[in-house]
Every structure is written in C-alpha cells, then in structure tokens.
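Residue-level structure breakdown
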Amino acid sequence: MEWFNYHHLLYFWAVARYGSVVRAGAELRLAQPTISGQVRRLENVLGQKLFNRVGRRLVLTEVGRTVFR
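What counts, and at which threshold
Residues numbered from 1 in each chain as written. Predicted model: local features only at pLDDT ≥ 70, side-chain atom pairs only at ≥ 80, totals over all residues. Heavy atoms only, no water. Core = buried A, V, L, I, M, F, W, Y, C linked by side-chain atoms within 4.5 Å. Buried < 20%, exposed > 50% of the residue type's maximum accessible area, 1.4 Å probe, protein only. Helix = DSSP H or I, 4+ residues; strand = E, 2+ residues; numbered from the N terminus. Contact = heavy atoms within 4.5 Å. Salt bridge = Lys/Arg side-chain N within 4 Å of Asp/Glu carboxyl O.

Attention now moves to the nonpolar core. Judged by nonpolar contacts, the single largest core of 15 residues is most densely connected at F12, V15, A24, I35, V39 and F51. Elements that contribute at least two residues to this core include exactly α1 (6-18), α2 (21-28), α3 (32-46) and β2 (57-60). With six residues, α1 is the single largest residue contributor to this core. The residues contacting F12, other than those within four sequence positions of it, are V39, L42, L50, F51, L60, G64, V67 and F68.

It is possible for side chains of opposite charge to pair when their charged atoms get near one another. According to the stated counting rule, one finds one salt bridge in the structure shown. A salt bridge links R65 to E62, with the shortest nitrogen-to-oxygen separation between them at 2.6 Å. Taken together, the residues R65 and E62, both in helix α4 (residues 62-68) and three residues apart, mark about one turn of the helix. You can call R65 partly exposed: its relative accessible area is 36%.

Here you go:
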C-alpha cells in the first residue's frame, strides 16, 4: 500500500475549500499540475473519488466530505 503524506491532505483541503484547483494553486502558490497530481495520488491511495466535476467547479463526493471533516 502506498502511503499518503501531509501534502496530499493539505492540497485536498485547499481544493475542497476553494472549489477549484486553480484557486487552490493561487492560494498555496503552487502550479495546478502539482495540486491535481497530489489529489489524484490521494484518491489512488484511498481507492475512492473525492471530487465530482460540476461545470468548472469541483464538488466533494460523499467520501470526499468524510475525508474533509
């Protein structure tokens, strides 16, 4: 099993809070591919999708809401 780290959780939290990878990247001063890659790795480690795309926004799935809490 692959381990996740603090960055996985921080980037996930930022995307969940701001609703988009672009805004999370701006707030964290990181490139979008860095953030989306780390969130994707967290999803792979958990084996669950954490976000659904609704238009241009990312909305938490049920599992995503649980992780966010």
